[in-house]
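Coordinates in review
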Amino acid sequence: MWGRCHQDMSGQEATRTCQRALPPERVLGQKADPVTPSVAPRDPAGDTAYTRPLPCPQPVPRSGSMAVATALGSLGAVALGTFVVALLLQWLWHALVAVARFRDTCRQLNKFPIPPWRNWLLGHTGMGQSTEEGLQHVDSLVARYRHGCLWWGLPWLPVLRLFHPSTLRPLLSASAFVAPKDKIFYGFLKPWLGEGLLLSGGERWARHRRLLTPAFHGDVLRNYLGIFNQSTRVLLAKWGAAAAAAGGGPVELEVLQPLSLLTLDTLQKCIFSHESHCQERPSKYIQAILELSSLVVRRQFRPLLHPWWLYSLSSDGRRFARACATVHAFTADVVQRRRHALTCLGHQAWLDGHQGRSMDFIDLLLLTKDENGHTLSDEDIAAEADTFMFEGHDTTASGLAWLFYNLAGHPEHQERCRQEVQELLAGRDTADIEWEDLSQLPFTTMCIKESLRLHPPVTAVSRRCTEDIPLRDGRVIPKGVICLMSIYGTHHNPDLWPEPEVFNPLRFSPENSKGRSPSSFIPFSAGPRNCIGQSFAMAEMKVVVALTLSRFVLRRDTARPPPRRKPELILRAEDGLWLLLEPLVGVA
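Since this is a predicted model, take the numbers as computed values, not measurements.

The next subject is the overall build of the protein chain. Per the secondary structure count, the protein chain includes 22 helices and eleven strands. If you take every contact in the protein chain between residues at least 6 apart in sequence, the share linking residues at least 24 apart comes to 73%. Total accessible area computed for the protein chain in this model is approximately 30300 Å², and 59% of it derives from carbon and sulfur atoms.

This part covers the pairing of strand β2 (residues 157-162). Burial runs high along β2: five of the six residues are buried. As judged from the six bridges shared by strand β1 (residues 148-154) and β2, these two strands associate in the antiparallel manner. Bridged to G148 within β2 is L162. Examined bridge by bridge, β2 and strand β7 (residues 482-486) share four bridges and lie parallel to one another. In the strand pairing of β7, V159 is matched with I482.

For the rest of this paragraph, the subject is the packing of aromatic side chains. This model, assessed by the stated rule, comprises 17 aromatic pairs. Centroid distance F228 to F536: 5.2 Å. Interplanar angle 90°. Geometry classified as edge-to-face. Note that F228 is positioned in helix α10 (residues 225-245) and F536 in helix α22 (residues 534-549), a separation of 308 residues in sequence. Grouping residues by exposure puts F228 and F536 together as buried. With a centroid separation of 6.4 Å and 85° between ring planes, the pair formed by W239 and F552 is classed as edge-to-face. Residue W239 is located in helix α10, and its partner F552 is located in strand β8 (residues 552-555); the two are separated by 313 residues in the primary sequence. Each member of the pair, W239 together with F552, is buried. The structure contains a cluster of three or more aromatic residues connected by ring pairs, namely F216, Y224, F228, F361, F388 and F536. For the cation-ring pair, R416 lies above F443, with the distance from its terminal atom to the ring centre recorded as 4.0 Å. The lysine or arginine in question, R453, covers the ring of W497, its NZ or CZ lying 5.5 Å from the ring centre.

Now for the pattern of salt bridges. In this structure the tally under the stated criterion is 33 salt bridges. R319 is the salt-bridge partner of D316, the closest N and O atoms lying 3.6 Å from each other. Taken as a pair, D316 and R319 lie in helix α14 (residues 315-345) at a separation of three residues, close to a single helical turn. When its relative accessible area of 28% is taken as the criterion, R319 is described as partly exposed.

What follows is about the side chain of K181. Structurally, the position occupied by K181 is in the loop between α5 (165-173) and α6 (183-186). Despite its burial, K181 pairs with no opposite charge; the closest candidate is E391, at 5.0 Å N-O. Sequence-distant contacts of K181, that is, excluding residues within four places in its chain, are made with Y186, L198, S462, R463, R464 and R529.

By size, the foremost hydrophobic cluster in this structure holds 148 residues, and its most contacted members are W192, W239 and L259. Sort the elements by how many residues they give to this core and helix α17 (residues 378-408) lands first, with 14 residues. Filtering out sequence-adjacent residues up to four positions away, W239 remains in contact with L253, V255, P258, L259, F404, T548, F552 and L581.

Let's shift gears to a nonpolar patch on the surface. A surface patch of nonpolar side chains, about 490 Å² in accessible area, is lined by L80, F83, V84, L87 and L88. Along the chain, the position of L88 falls in helix α3 (residues 65-109).

On to the sheet that holds β2. Spatial ordering of the open sheet is given by β1-β2-β7-β4, a layout of four strands whose pairing is mixed. One side of each edge strand has no neighbouring strand; the edge strands of this open sheet are β1 and β4 (460-464). Between one strand axis and the next, the sheet turns by 25° as a mean value, whatever way the strands run. Sheet topology note: the β4/β7 ladder contains five bridges and is antiparallel. Among the inter-strand pairings, S462 is bridged to a residue of β7, identified as L484.

Let us look at the sheet that holds β8. Taken in spatial order, the three strands line up as β3-β11-β8 in an open sheet, and their pairing is antiparallel. Of all strands in the sheet, those bounded by a partner on one side alone are β3 (251-254) and β8. Between one strand axis and the next, the sheet turns by 35° as a mean value, whatever way the strands run. Judged from the four bridges that link them, β8 and strand β11 (residues 578-583) form a sheet pairing that is antiparallel. Looking across to β11, one finds that R555 is bridged to L580.

So, on to the environment of R516. Tracing the sequence through the fold places R516 in the loop between α21 (510-513) and α22. R516 sits in the partly exposed class, given a relative accessible area of 25%. C-alpha of R516 to C-alpha of L496: the two residues are 20 residues apart in sequence and 8.2 Å apart in space. Residues contacting R516, with those up to four places away along its chain left out, are W497, R507 and F508. A polar side-chain atom of R516 sits 2.7 Å from the main-chain carbonyl oxygen of R507.

Time to look at the environment of H455. Mapped onto the elements of the fold, H455 is located in the loop between α19 (442-454) and β4. For the pair H455 and S398, spaced 57 residues apart in sequence, the C-alpha to C-alpha distance is 8.7 Å. With residues near it in sequence (within four places) discarded, H455 still touches W402, N406, R565 and L571. A polar side-chain atom of H455 sits 3.3 Å from a polar atom in the side chain of N406.

Put simply, the protein chain has an average pLDDT of 86, and 86% of its residues get 70 or more. For the protein chain, helix α2 (residues 24-28) is the element with the lowest average pLDDT, namely 42, and α19 is the one with the highest, namely 98. In the predicted structure, residues 1-51 sits below a pLDDT of 50 and forms 34 contacts with residues beyond four places in sequence or in another chain.

Moving on, we get to the side chain of D394. If you trace the backbone, D394 turns up in helix α17. Look past the residues within four positions of D394 in its chain and what remains in contact with it is S260, S293, I570 and R572.

What follows deals with unusual backbone geometry. Trans is the common state for peptide bonds, and a negative phi is the common state for residues other than glycine. The backbone of S273 sits at a positive phi, close to 55°, despite the residue not being glycine. Checked against the element boundaries, S273 lands in the loop between α11 (256-272) and α12 (284-300).

About the cut-offs
Residues numbered from 1 in each chain as written. Predicted model: local features only at pLDDT ≥ 70, side-chain atom pairs only at ≥ 80, totals over all residues. Heavy atoms only, no water. Helix = DSSP H or I, 4+ residues; strand = E, 2+ residues; numbered from the N terminus. Contact = heavy atoms within 4.5 Å. Areas by Shrake-Rupley, 256 points an atom, 1.4 Å probe, with all protein chains shown as cover. Buried < 20%, exposed > 50% of the residue type's maximum accessible area, 1.4 Å probe, protein only. Pairing = 2+ DSSP bridges. Phe/Tyr/Trp six-rings, centres within 6.5 Å; stacked < 30°, edge-to-face > 60°. Lys NZ or Arg CZ within 6 Å of the ring centre and 35° of its normal. Salt bridge = Lys/Arg side-chain N within 4 Å of Asp/Glu carboxyl O. Lys, Arg positive; Asp, Glu negative; His and termini not counted. Core = buried A, V, L, I, M, F, W, Y, C linked by side-chain atoms within 4.5 Å. Patch = residues over 30% accessible without salt bridge, like charges linked within 9 Å, V, L, I, M, F, W, Y side chains within 5 Å. Axes fitted to C-alpha atoms, helices over the stretch in contact; angles between N-to-C directions. Polar contact = N/O pair within 3.5 Å; in protein donor to acceptor, adjacent residues only side chain to side chain. pLDDT = per-residue confidence, 0-100.

Below, the structure is given as C-alpha cells:
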C-alpha cells in the first residue's frame, strides 16, 4: 500500500499517519463497530467522533531530471518531425523533377508514330509475342512505319522500336558509354556470364575489348580451321550412318540440335583445347550450358520469376544455380591450371613449350597485357571464356540450320554452291577447307549473308542511352528510353530490301551492294559494340556448309508444314528444323 512517510515527520505523526493503512480494528485492538458510510466511528476514550486522516501525498522529486527529460523529449519530437518533413519535401521535389522530366520525354516521344494499342493503361502490353505471329506483326509494323515507332509496355515504360538506318545509325555509332546495353533482360545472364564483354560496360568494357581483339585476328583464326574441319566430319559421319541405316536413301533429320553440339564441340577445342566428344556421348559441361540457355528463356516469359529472390527459391532457380556451378567449376579449373603452369615455368619457357602447336583462347588471354602492363585476372578470363561459349554456339548453330533450310528450298542455289566447293577441292589429296579457301567461295558467302538477312539468329538488341541522341530529321531519342533495335525488322524493311521475304543471294553481289548503308545489314550488330567473334562465326559457317554440300543433298520434306519461327535467345523453329539429307552418289 502506501510507502514510508516523510522522514521529517515526528514519530507520533508518522505512527498515526502510517496506521491509516490498517483497518480500524487493528488500530484500536478491538473489533470495529459496524457503521454506515455516513456515520464516523467512535473513539473509545471519549465520546467524540473519530475522524479518519486524509491520505498522505507522494513526495515530489526535488531534482531537475524530470524537467530535462521533458525538454529533451520535446526537442526529439520536434527534430523527428523536422526530419520526416524534410524527407517528404525531398521526395516531393524528386517526384516533381521526375514528372517534369517524364513530360519532357513524352513531348519528344510524341514525334514518333504510335501503333494502335489495347488501351491507355495497358498500352501495347501483350501485343508483342515471341512466336510466328509475333514476327508477322513486326512485318506489318515495318510495312507501315518504315523508320520506327513508339511502343508503350506500360504507361510509364516507353520503348522505341527502330528498323531503319536513319534511326539505327546514331545508336550503332555511339560509344559504349553513351549507348550501353539495356539491363532488364541481360541481367538474367549475369550470374552465369559475369562481367564479360556481353554484360560489362564503361571503362571495364573498353579495356577488355582492347585486350580481346587480338585473339580474333585472322592469324589466330587460321589455326582454328583444322578444328572446324575435324568437328564437322564427326557430324557428317553421324548423318552418313543414319542414311546408311535407312537404306542409303534420303533420311529425315532435325538439324538444329546436332549443329548446336557441333558448335559447342569446336568452341571447347578452340577455347580450352578440351576434347569432350560431346557429339558422340553426353558431356556434363555441355548439358549444363544447354540447360542454362533454356532456363534463361523460360524465365524471360515468367514475370513472377524476374526478381532474384523469388527465382532463387523456385525449382528453375535451383537448377540454374547448379548448372552455373558446373560451368564455373570447369572454366575455373582450366584457367587455374594454365595460370599455375605459366607461373611455374616462366613466360619464355611456357612459350617455348607451345612451339609447334597453336594457342587456344585461354592461352591468349593469359598472355595479354594492357598499356600499363597489367594482365587479366583469373575471374576476368573465366567470364570471357563463358561469354564466348554462350555467344558462339547457339547463334552460329541457328545461322547454319536456317542456311540449310533455305538452300534446301532453293535447289538451284544449292547446286551452284556445291559446284563452287567441288571446283575448289578438285585434284586435292585432302577434302579439308583451308584458310585461303574461304575467300574463294563468293557465291556460298552470298548465300550465307542472304540467309542471315532473312533469318537473323538474333532478332533484336536493346540499348538505353545515357544522354539524348539527336536524329538527322530533328527528332531526339530521349535519355533513358529503351531502344529496341530490330535486326529482323531492318532486314525485312521494303525500303531497304525489295521483296524482303524472297531468298535472293544476288542481293549481296558486288554490284548490288554498292551504295547500300552498312546499317541495313546487321546480323552481328554494328559500331563499337558489334560482335567481336563475327569473323570466327563466318569462317566456321563456310567450312561446315562447304563440307556438308560436298557430301549431301539437302531437301525439304513437302509433307511437313513450313516451320513456325520462334525468336528466343536465338531464332529457332517451334518443332525443330527437319530436312531430308541424301548422300551424294560416289562420295565416300
